[in-house]
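# What the coordinates show
Spelled out, the chains give:
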Amino acid sequence: MNLVLVGINHRTAPVEVREKMNIDDARLAGAVANLAHRDGILEGLIVSTCNRVELTVSLRDATSGEPALRQFLADFHRCDLTPYDPYFYWRRQEEVVRHLFRVASSLDSMIVGEPQILGQVKKAYSVAREVGALNGPLNEVANQALAVARKVRRETAIGTAAVSVSYAAVELARKIFGNLDGKTIFVIGAGKMSELAAKHLLRSGASTIFVANRTYSRAVELAAAFHGTALRYEELFTQIEKADIVISSTGAPHFVIEKAQAEKLLAARKNRPMFFVDIAVPRDIDPAVNELDNAFVYDIDDLEQVVDANKKQREREAVWAEEIVREEVQKMMRRLASREVVPTIVALEDRLNQIRETEVERHRGRLSSLTPEQREAVDALMRGVINKILHGPITELKSGAGHPEHGHLVQLVRRMFGVSE
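Throughout what follows, the structure given in this document is the object of discussion. Keep in mind that this is a model prediction, so the values were computed, not measured.

A separate point is the sheet that holds strand β7 (residues 229-232). One open sheet holds the six strands; their spatial order is β7-β6-β5-β8-β9-β10, and the pairing between them is parallel. Of all strands in the sheet, those bounded by a partner on one side alone are β7 and β10 (295-299). If you compare each strand with its neighbour and ignore which way they point, the axes differ by 15° on average. Note that strand β6 (residues 208-213) and β7 share four bridges and pair parallel. When the bridges of β7 are listed, Ala212 appears paired with Leu231.

Okay, here's the thing in structure tokens:
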């Protein structure tokens, strides 16, 4: 097994470098096919996202890895790689396995536990398989990386806690309402954060959205994106009692909703709960609204506190995820080593059986007087001796699979028994 990986990511390279090295979806199949069919390369896998570009290959000869990958990148991007050298990182052998497992499990992501990377690795794997770029040990490693990522998701809570303000709003809404099916959202002020929060709430089950904005055209634009209803700003209080969830992010210098107004809204709703997400600075919702029964107000600081607490929770879960990855890497290395040792074992058996057959042929004249039963007994005796001779080396080869010195042991056994590569 000769695995090599080269990559850049959000930690090692600024966005302009990542853009330069990016391989977009439209060119990915052709790129990975080209990579896998280059001299000395047996298999190839390319993961290219906004935060990382990584090329992984299985090689015929370990020494050819870096030159082959550098030449591919230089050819593909039609540039001199020298200025970009400081941004690249290289992984080899077991480090490659560990890296792929951690990447797929979102332990190497900008936001630990984010779910998108698993889908991105899965797509990269599927494309490489479709073009015939995976058919050996790298295929086995990449496929297992997906299985490990699913195991991490299943056995830890690394991806369950919201780590963005917009997701935190969804998390809090679920705590208030239980589920969001059929809930109505009112967006006051059509800013980006409001848009993100509304998007996540709708994806989580909310069904209806109204948008009010001082610039009516912007309200129309945002409402259309969500198949909702646009309101003129002055119409806000004619409809807002319908809202289960209010997201407010305006530039108003005063409260948009005061306590007295909120009391009237709750009365019109017959005291059904209302959740106010205030992501404006200065604040849009009077904090005193929180004093009312069935009114729940969270401002930007409250949401940030939820995010910080959830990040700490993900970090704790990441410790368990790292342990899962560590165990799975060890299993994978043992499996790969066991697979690699099979040709050596077969070659040993062939070598000793060849010696047996040569010796039988050399002494054929002296054995001609033996009966068929006697010749069979001699043959069985010789096979038994060969099996006993092979037992020790084969046991050592199998039991040593996965250990760092295993490659040296394989080479030693091959030399002792005169078995060529």
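On we go from here.
Attention now goes to the nonpolar core. Membership of the largest hydrophobic core comes to 66 residues, with the highest contact counts inside it found for Ile46, Leu55, Phe72 and Phe101. Within the second largest apolar cluster, 31 residues are counted, among which are Ala168, Leu172, Ala223 and Ile245.

By the secondary structure assignment, Thr184 is in strand β5 (residues 184-188). Residue class for Thr184 comes out buried when judged on its relative accessible area of 11%.

Turning our eyes to something else, we now look at the packing of aromatic side chains. On inspection of all chains with the given rule, the structure shows three aromatic pairs. Between Phe72 and Phe76, the ring centres sit 5.8 Å apart and the planes meet at 25°, which makes this aromatic pair stacked. With Phe72 and Phe76 both in helix α3 (residues 65-77) and four residues apart, the pair spans about one turn of that helix. In this structure, Phe72 and Phe76 share a single accessibility class: buried. Summarising the aromatic geometry, the rings of Phe275 and Tyr298 are spaced 5.8 Å apart at their centres and angled 75° between planes, so their arrangement reads as edge-to-face. Remark: Tyr298 occurs in strand β10 and Phe275 occurs in strand β9 (residues 274-278); sequence separation between them is 23 residues. One residue, Arg232, lies across the ring of Tyr216, its end atom 3.9 Å from the ring centre.

Turning our eyes to something else, we now look at the sheet that holds strand β1 (residues 3-9). One open sheet accounts for four strands, arranged β2-β3-β1-β4; its pairing is antiparallel. Pairing within the sheet leaves two strands with one partner each, and these edge strands are β2 (41-48) and β4 (89-92). Ignoring which end each strand starts from, the neighbouring axes of this sheet average 15° apart. The pairing of β1 with β4 spans four bridges and is classified as antiparallel. Bridged to Val6 within β4 is Trp90. On the sheet, helix α2 (residues 25-36) packs against β2 and β3 (52-59) and is oriented at approximately 150° with respect to β2. Across the sheet, α3 touches β1, β2, β3 and β4, and the angle it forms with β3 is around 135°.

Once that is clear, we can look at the packing of helix α5 (residues 116-130) against helix α6 (residues 137-155). At a closest axis distance of 10 Å, the pairing of α5 and α6 adopts a crossing angle of 155°. Taken as axis vectors, α5 and α6 run roughly antiparallel relative to one another. For the element pair α5 and α6, the recorded crossing hand is left-handed. From α5, Leu118, Val121, Lys122, Tyr125 and Arg129 reach across to α6, where they touch Asn139, Ala142, Asn143, Leu146, Ala149 and Arg150. Broken down by class, the residue content of the contact of α5 with α6 amounts to six nonpolar, two polar and three charged.

Attention shifts here to the pattern of salt bridges. Using the criterion set out here, one finds 24 salt bridges in the structure. Arg98 serves as the salt-bridge partner of Glu94, at 3.0 Å between the closest nitrogen and oxygen. With Glu94 and Arg98 both in helix α4 (residues 94-104) and four residues apart, the pair spans about one turn of that helix. Since its relative accessible area comes to 32%, Arg98 is described here as partly exposed. Linking Arg362 and Glu359 is a salt bridge whose minimum nitrogen-to-oxygen distance equals 2.7 Å. On the criterion of helical spacing, the pair formed by Arg362 and Glu359 is a turn pair, its members being three residues apart in helix α12 (residues 300-362). Residue classification places Arg362 among the exposed positions, given a relative accessible area of 57%. For Glu359, a relative accessible area of 28% gives the class partly exposed.

Their axes nearest at 8 Å, the elements helix α7 (residues 165-177) and helix α8 (residues 192-203) cross at an angle of 45°. Compared by their axis directions, α7 and α8 come out oblique. When you trace α7 past α8, the crossing you get is right-handed. Every residue of α8 that contacts α7 at Val165, Ser166, Tyr167, Ala169, Val170 and Ala173 is listed here: Met193, Leu196, Ala197, His200 and Leu201. Looking at side-chain class alone, the contact of α7 with α8 contains nine nonpolar, two polar and no charged residues.

How each quantity is defined
- Residues numbered from 1 in each chain as written.
- Predicted model: local features only at pLDDT ≥ 70, side-chain atom pairs only at ≥ 80, totals over all residues.
- Heavy atoms only, no water.
- Pairing = 2+ DSSP bridges.
- Helix = DSSP H or I, 4+ residues; strand = E, 2+ residues; numbered from the N terminus.
- Axes fitted to C-alpha atoms, helices over the stretch in contact; angles between N-to-C directions.
- Core = buried A, V, L, I, M, F, W, Y, C linked by side-chain atoms within 4.5 Å.
- Buried < 20%, exposed > 50% of the residue type's maximum accessible area, 1.4 Å probe, protein only.
- Phe/Tyr/Trp six-rings, centres within 6.5 Å; stacked < 30°, edge-to-face > 60°.
- Lys NZ or Arg CZ within 6 Å of the ring centre and 35° of its normal.
- Contact = heavy atoms within 4.5 Å.
- Parallel < 35°, antiparallel > 145°, perpendicular 65-115°, else oblique.
- Left-handed = near helix turned anticlockwise from the far one by under 90°.
- Nonpolar A, V, L, I, M, F, W, Y, C, P; charged D, E, K, R; others polar.
- Salt bridge = Lys/Arg side-chain N within 4 Å of Asp/Glu carboxyl O.

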